Amino acid sequence: MLSSVLLEVKVSKAASKLVGQLLVCELKQAAGRFPTTDGEAACERVAVDKFEVTRTDGCDGCTDLTDVESAELVLLDDVNSSVYCAE
């Protein structure tokens, strides 16, 4: 069985992948690859769904995927409002 530290590293790596996948969705939206914002939302949903299956059993009780996911989405929204300020 993996130690809780190693499992938390796996959660951290999964969070990094989530951010990367969400950024790909943002870039596709900015490039006009989605005809509506529904396309971006669907792309983000796929990324979030992949993240939500990350294994957390054995992690410390403070490891909460929903909290991590929410924090990443808020962070990206804040950054996007600065980058895509003309929208």
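Remember, it's a predicted structure, so these values are computed and weren't measured experimentally.

**Q** Before we go on, may I ask you to explain the side chain of Thr 54 in this structure?
**A** Note on placement: Thr 54 falls in the loop between α2 (37–52) and α3 (65–83). A polar atom in the side chain of Thr 54 sits 2.6 Å from the backbone oxygen of Phe 51. Apart from the residues within four sequence positions on either side, Thr 54 is in contact with Val 11, Ala 14 and Leu 65.

**Q** Would you mind going over the packing of α2 against α3 with me for this structure?
**A** To describe two helices that pack against each other, one gives the angle between their axes and the distance between the axes. Direction vectors running N to C along α2 and α3 enclose 150°, while the axes themselves pass 10 Å from each other. With respect to each other, α2 and α3 are oriented roughly antiparallel. The way α2 lies across α3 gives a crossing that is right-handed. Here Val 48, Phe 51 and Glu 52 of α2 lie close against α3, whose contacting residues are Leu 65, Val 68 and Glu 69. In the contact of α2 with α3, the residues fall into four nonpolar, no polar and two charged.

**Q** I'm lost on the state of the cysteines in this one. Help?
**A** Covalent bonding between the sulfur atoms of two cysteines is what defines a disulfide. Summed over all chains, the structure comprises one disulfide. The residue that forms a disulfide with Cys 25 is Cys 43, at a sulfur-sulfur distance of 2.0 Å. In this structure, the disulfide formed by Cys 25 and Cys 43 twists by about -80° around the S-S bond and is classed as left-handed. With a gap of 18 residues between them, Cys 25 in helix α1 (residues 4–30) and Cys 43 in helix α2 connect regions that are remote in the sequence. Take Cys 25 and Cys 43: they sit in the same class, and that class is buried.

**Q** Just checking my understanding: could you explain α3 for this structure?
**A** Given a rise of 1.5 Å per residue, 19 residues ought to cover 27 Å, and the 27 Å separating the end C-alpha atoms of α3 matches this to within 8%. Every buried residue of α3 is listed here: Leu 65, Glu 69, Glu 72, Leu 76 and Asn 80. Around the axis of α3, the buried residues are gathered within 65° of arc, so they sit on the same side. Opposite the buried face of α3, at more than 90 degrees from it, the exposed residues are Thr 66, Asp 67 and Ser 82. Looking at the buried positions of α3, the neighbouring elements they touch are α1 and α2. The N-cap of α3, judged by a side-chain oxygen 2.9 Å from the amide nitrogen of Thr 66 a few residues on, is Asp 64.

What counts as what
Residues numbered from 1 in each chain as written. Predicted model: local features only at pLDDT ≥ 70, side-chain atom pairs only at ≥ 80, totals over all residues. Heavy atoms only, no water. Helix = DSSP H or I, 4+ residues; strand = E, 2+ residues; numbered from the N terminus. Polar contact = N/O pair within 3.5 Å; in protein donor to acceptor, adjacent residues only side chain to side chain. Contact = heavy atoms within 4.5 Å. Axes fitted to C-alpha atoms, helices over the stretch in contact; angles between N-to-C directions. Parallel < 35°, antiparallel > 145°, perpendicular 65-115°, else oblique. Left-handed = near helix turned anticlockwise from the far one by under 90°. Nonpolar A, V, L, I, M, F, W, Y, C, P; charged D, E, K, R; others polar. Disulfide = S-S within 2.5 Å. Buried < 20%, exposed > 50% of the residue type's maximum accessible area, 1.4 Å probe, protein only. Expected span 1.5 Å × (residues − 1). Arc of directions from axis to C-beta.

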